[in-house]
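Given next are the chains, with one letter for each unit.
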Protein chains: 6
Amino acid sequence: MDSKAYEKGMETLGKMVSPEILRQTVENVRKFSPDMAKMVIEFPFGSIYSRPGLDLKQRSLITISSLVTQGAEGQLDFHIHAALNAGLTPEEIVEAVMHCLPYAGFPKSLGALGVVIRVFQEREISYSQA
Amino acid sequence: MDSKAYEKGMETLGKMVSPEILRQTVENVRKFSPDMAKMVIEFPFGSIYSRPGLDLKQRSLITISSLVTQGAEGQLDFHIHAALNAGLTPEEIVEAVMHCLPYAGFPKSLGALGVVIRVFQEREISYSQA
Amino acid sequence: MDSKAYEKGMETLGKMVSPEILRQTVENVRKFSPDMAKMVIEFPFGSIYSRPGLDLKQRSLITISSLVTQGAEGQLDFHIHAALNAGLTPEEIVEAVMHCLPYAGFPKSLGALGVVIRVFQEREISYSQA
Amino acid sequence: MDSKAYEKGMETLGKMVSPEILRQTVENVRKFSPDMAKMVIEFPFGSIYSRPGLDLKQRSLITISSLVTQGAEGQLDFHIHAALNAGLTPEEIVEAVMHCLPYAGFPKSLGALGVVIRVFQEREISYSQA
Amino acid sequence: MDSKAYEKGMETLGKMVSPEILRQTVENVRKFSPDMAKMVIEFPFGSIYSRPGLDLKQRSLITISSLVTQGAEGQLDFHIHAALNAGLTPEEIVEAVMHCLPYAGFPKSLGALGVVIRVFQEREISYSQA
Amino acid sequence: MDSKAYEKGMETLGKMVSPEILRQTVENVRKFSPDMAKMVIEFPFGSIYSRPGLDLKQRSLITISSLVTQGAEGQLDFHIHAALNAGLTPEEIVEAVMHCLPYAGFPKSLGALGVVIRVFQEREISYSQA
């Protein structure tokens, strides 16, 4: 086992989301398939997110854009939480979804906005564009 | 006509790519369909790219991620040029494509890397990861 | 602000869906992000749908096909309503979804059919292929 | 009507899923649109699945990979059932979803894994990777 | 063999494209895999395109939108030819591609426009939006 | 560095394609970005393809289906070569592409068939469906 990538992955995940969200997300997968959990932790978080070259805020923008573009709404809430924790402002996150309108198309951006609205409500973020 | 969005779009495009690339890209479309050219200039560049809230470097990362994810290699070279002109380093651009590996999948990221290699060669960028 | 595109967008939307559906759809977005609502109203409806060259029935067929193909089920009910209001018959709408079988693939068409069934039930359309 | 393809389709479907799942899946479509039901039975099952050249286990792997890749979670449970009935082991099915990680991307594979977990629970399969 | 669907398919194809394009498209596939050619002729053209309920012009719009949305540029020229032969005007075809801008996204629509420009040149259509 | 995954990846790749194709594919990426090459070798080939649970023939079918479904024609030739080397017959490979017709849609399958035809010609495989 590549224990170093796993450790780096858990460490990076620890910076990205709260222990509770981490537990919910990872535990569900780990109980069912420890190998799948290992891969999810090691590759995107241990090998990619933990690299230098781009900071967590930049990486969050890239991930959000990819998820919006492929319509992966089920994985988007995790990464909205991560983006807020990385220091992107609510305004920047909404702006990123808006930026996707001409590239990913309106249906994908509108679907993603629904997830953003829900996560902001959960975190009681009183976002107001003015 | 929304002449203001058009002007803002041309102004933003002027900051993003060289006059030559702009002419090549826009002229081809404009000669065939002035309405299509107008929309392409007004909406993504006049209404989206020119908004405050995210800077050009952040917007480039989001666009590149969306293009990689949808496999839109034909539009990618324009935006690699724009990303370099906005001040993203070659290292950051390659890193962004690499970041897409787990999200967009390896085939899309590898296809995109081919475009990056070609654009760097055209611009004689001696990129070297060390 | 491009108030003309906005007005044309609202006018076109007024022809496409009932005031109730319009309010539900737009209000939710507008309360959260007036800018996003503005773009959604101005570009697809003020700049595209309101153009001459294709009538509302033709535009509905194109939109439905694009939504089926990208699996955007969350946006499909709005456009099934709009298609019916534009004068496409229930038979034509089902036929359009069926036409997508070889192009978008069976999974996407079957998913879309589920939305069509639900909207027809809501509108108490007793569709019967005979 | 191509009654032979229809019969072959129903026969193949009878080997793939239980009468109950078949009834649920097909009846819903047939009541609404007999033509759509006929096409769904005839083409994928009467013309494709019933061909020689690949066995049902191989065909299940190909279908699952396509559904994972296009994010068609709504059609995935039917084909997880079919894969188990064709004789693929639970381990092979999870392995297939895992194999999609680098090709379809992590978000699609993780979404698919959620469907696998649910179907295994419904069938009281105590899957355990060891 | 469902010889009726095959005959209807060939008949429909005969109305859609010139004998030369038909020969080029079908022969290539038929020489390599007669079964694949048979399916391509029977299902989309014998079973779908030849159905009543929508005319060839409506079906062309739906097909074009699906191809634009999935970025299937390689299949688009055949269907631009078919659309012109079905009686859609060059203006309507360009308008259909333009209509896809907000739904399929700008990169897909721009890619499709390139194919339209090429086919119009081949057919010496002097399209001019005025 | 996870040298074990790298070694396993190179070993697995050595079984999948000829030294010449391996060199062409990997060298191009490695010269430009050693890190990207490392990831491409380690994750799909060192961590996924080299796992037990599915054999190389099954894995080839899954990969081909994913590539067909996402229209990744640029990566498909490598995996047609790998499928043949793993022992899938030309008939099984064509059958796999045909199986994708209803799932990935006809345009994607037809595009993929073009790549299969080209690779079979390069390898002078006189495939003949009889």
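Thresholds, definitions, all that
- Residues numbered from 1 in each chain as written.
- Chains lettered and ligands numbered in written order.
- Predicted model: local features only at pLDDT ≥ 70, side-chain atom pairs only at ≥ 80, totals over all residues.
- Heavy atoms only, no water.
- Helix = DSSP H or I, 4+ residues; strand = E, 2+ residues; numbered from the N terminus.
- Rg over C-alpha atoms; globule rule 2.2 N^0.38 Å.
- Buried < 20%, exposed > 50% of the residue type's maximum accessible area, 1.4 Å probe, protein only.
- Contact = heavy atoms within 4.5 Å.
- Areas by Shrake-Rupley, 256 points an atom, 1.4 Å probe, with all protein chains shown as cover.
- Domains from an automatic or database assignment.
- Buried area = accessible area lost by both parts, 1.4 Å probe.
- Polar contact = N/O pair within 3.5 Å; in protein donor to acceptor, adjacent residues only side chain to side chain.
- Nonpolar A, V, L, I, M, F, W, Y, C, P; charged D, E, K, R; others polar.
- pLDDT = per-residue confidence, 0-100.
- Least-squares fit on C-alpha atoms with pLDDT ≥ 70 in both.
- Salt bridge = Lys/Arg side-chain N within 4 Å of Asp/Glu carboxyl O.
- Disulfide = S-S within 2.5 Å.
- UniProt positions renumbered as here; feature names shortened; annotations may be inferred.
- Phe/Tyr/Trp six-rings, centres within 6.5 Å; stacked < 30°, edge-to-face > 60°.

As recorded in an unreviewed UniProt entry, chain A goes by Carboxymuconolactone decarboxylase family protein and comes from Paenibacillus nanensis.

## Focus on the overall build of chain A
Helix and strand counts for chain A come out as eight helices and zero strands. Starting at the N terminus and ending at the C terminus, chain A contains elements arranged as α-α-α-α-α-α-α-α. A compact globule built from 130 residues should have a C-alpha radius of gyration of about 14 Å, and chain A, at 15 Å, falls within 12% of that. On the principal axes, the C-alpha backbone points of chain A span a range of 50 × 30 × 25 Å. When burial is assessed residue by residue, chain A has 62% of its 130 residues classed as buried. Across chain A, the fraction of contacts at a sequence separation of at least 24, relative to all contacts at a separation of at least 6, is 70%. Accessible area for chain A stands at about 5,000 Å²; split by element, carbon and sulfur atoms hold 50% of it.

## Structural notes on the domain arrangement of chain A
Residues and elements named next belong to chain A. Segmentation of chain A into domains returns domain 1 (1–51) and domain 2 (54–130). Of note, the centres of domain 1 and domain 2, computed from C-alpha atoms alone, are 21 Å apart. Contacts between the two partners involve eleven residues from domain 1, matched on the other side by ten residues from domain 2. For the pair domain 1 and domain 2, the summed buried surface comes to about 900 Å²; carbon and sulfur atoms form 66% of the total. Viewed at the interface, domain 2 and domain 1 are joined by four residue pairs in polar contact (both at pLDDT 80 or more). The residue makeup of the side of domain 1 that touches domain 2, split by class, is seven nonpolar, two polar and two charged.

## Quick notes on unusual backbone geometry
Its identity is not glycine, yet Glu124 of chain A carries a phi of approximately 50°, on the positive side. Here Glu124 of chain A lies in the segment after helix 8 (106–122).

## Focus on the confidence of the model for chain A
Looking at chain A as a whole, the pLDDT averages 95, with 97% of positions reaching at least 70. Across the assembled chains, the prediction reports ipTM 0.96 with pTM 0.97.

## Some thoughts on the relation of the copies chain A and chain B
Under the fitted operation, chain A is carried onto chain B by 0.0 Å of movement along the axis and a turn of 180°, and the coordinates agree to an RMSD of 0.0 Å. Both chain copies can therefore be described as sitting about a two-fold axis. Here 100% of the interface residues in chain A have copies in chain B that are interface residues too; the copies meet face to matching face.

## As for the pattern of salt bridges
Side-chain pairs of opposite charge can arise whenever the charged atoms involved come near each other. Under the criterion given, the structure shown has 48 salt bridges over all chains. Residue Arg118 of chain F pairs with Glu122 of chain F through a salt bridge whose shortest N-O separation is 3.6 Å. One end of the pair is Arg118 of chain F and the other is Glu122 of chain F, both in helix 8 (residues 106–122) and four residues apart, which spans about a single turn. Beyond isolated ion pairs, a larger network of salt bridges with shared partners links Asp35 of chain A, Glu95 of chain D together with Arg51 and Arg59 of chain F.

## Structural notes on the relation of the copies chain D and chain C
When chain D is fitted to chain C, the best match, at an RMSD of 0.0 Å, comes from turning it 120° and sliding it 0.0 Å along the axis. Look at the turn and shift together and you get a three-fold axis relating the two.

## Details of the interface of chain A and chain B
Taken residue by residue, the interface counts 33 residues in chain A and 33 residues in chain B. Together chain A and chain B conceal approximately 2,800 Å² of surface at their shared face, both sides included; 65% is due to carbon and sulfur atoms. Inspection of the region where chain A meets chain B yields four salt bridges. Measuring nitrogen to oxygen at the nearest pair gives 2.6 Å for the salt bridge that ties Arg51 of chain B to Glu95 of chain A. At the boundary of chain A and chain B, one finds 18 residue pairs in polar contact (both at pLDDT 80 or more).

## Here we look at the state of the cysteines
Scanning all chains against the criterion turns up zero disulfides over all chains. Cys100 of chain F provides the cysteine sulfur closest to Cys100 of chain D, a residue in no disulfide bond, and the two sulfurs are 12 Å apart. Its relative accessible area of 1% is what places Cys100 of chain D among the buried residues.

## Considerations on the environment of Pro52 of chain B
Structurally, Pro52 of chain B can be placed in the loop between helix 3 (34–49) and helix 4 (56–69). Each C-alpha atom of the pair Pro52 of chain B and Ala104 of chain B lies 28 Å from the other, and the pair is 52 residues apart in sequence. Once residues within four sequence positions are removed from consideration, Pro52 of chain B is found in contact with Glu95 of chain A together with Arg59 of chain B.

## Examining the side chain of Ser60 of chain C
Checked against the element boundaries, Ser60 of chain C lands in helix 4 (residues 56–69). Owing to a relative accessible area of 3%, Ser60 of chain C belongs among the buried residues under this scheme.

## Describing the UniProt feature "domain: Carboxymuconolactone decarboxylase-like" (unreviewed entry) in chain A
Feature annotation in UniProt places "domain: Carboxymuconolactone decarboxylase-like" (unreviewed entry) on residues 34–116 of chain A, given in this structure's numbering. Helix makes up 80% of residues 34–116 of chain A and strand 0%, with an end-to-end C-alpha separation of 30 Å.

## Regarding the packing of aromatic side chains
Two aromatic rings are characterised by how far apart their centres lie and by the angle between their planes. Following the criterion strictly, the structure yields 51 aromatic pairs over all chains and no others. Members of the aromatic cluster, joined through ring pairs, are Phe43 of chain A, Phe106 of chain B, Phe106 of chain D together with Phe43 of chain F.

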